[in-house]
Amino acid sequence: MALLAVLIPLLMLGVVLVLGRYEELLLPKENADRREPAADSPTAAVVTSSAAPAGTPAPAP
């Protein structure tokens, strides 16, 4: 019974890791590249160029 308590979580971890690798093979990495040019839009520059007053904490990401 103790052997099952050790083996089942290890097998589940293996399944999660294998599914992660399978997902990386199925999904193209080009999707991340498509989102980057949107940051070069003129409205993004206006929003990021405003200076915060002194003593204001940094915005959350």
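Residues numbered from 1 in each chain as written. Predicted model: local features only at pLDDT ≥ 70, side-chain atom pairs only at ≥ 80, totals over all residues. Heavy atoms only, no water.

## Section: the overall build of the chain
A tally of helices and strands in the chain yields three helices and zero strands. For the chain, the succession of helices and strands along the chain, N to C, is α-α-α. By the burial criterion, 0% of the 61 residues in the chain qualify as buried. Surface exposure of the chain reaches about 6000 Å², of which carbon and sulfur atoms provide 71%. (Helix = DSSP H or I, 4+ residues; strand = E, 2+ residues; numbered from the N terminus. Buried < 20%, exposed > 50% of the residue type's maximum accessible area, 1.4 Å probe, protein only. Areas by Shrake-Rupley, 256 points an atom, 1.4 Å probe, with all protein chains shown as cover.)

## A few points about the pattern of salt bridges
Using the criterion set out here, one finds one salt bridge in the structure. A salt bridge links Arg-21 to Glu-24; its shortest N-O distance comes to 3.6 Å. Here Glu-24 and Arg-21 lie together in helix 1 (residues 2-26), a separation of three residues that amounts to about one turn. (Salt bridge = Lys/Arg side-chain N within 4 Å of Asp/Glu carboxyl O.)

## Section: the confidence of the model for the chain
Per-residue confidence for the chain gives a mean pLDDT of 77; residues scoring 70 or more make up 59%. Summarising per-element confidence for the chain, the mean pLDDT is lowest in helix 3 (residues 42-48) (54) and highest in helix 1 (95). (pLDDT = per-residue confidence, 0-100.)

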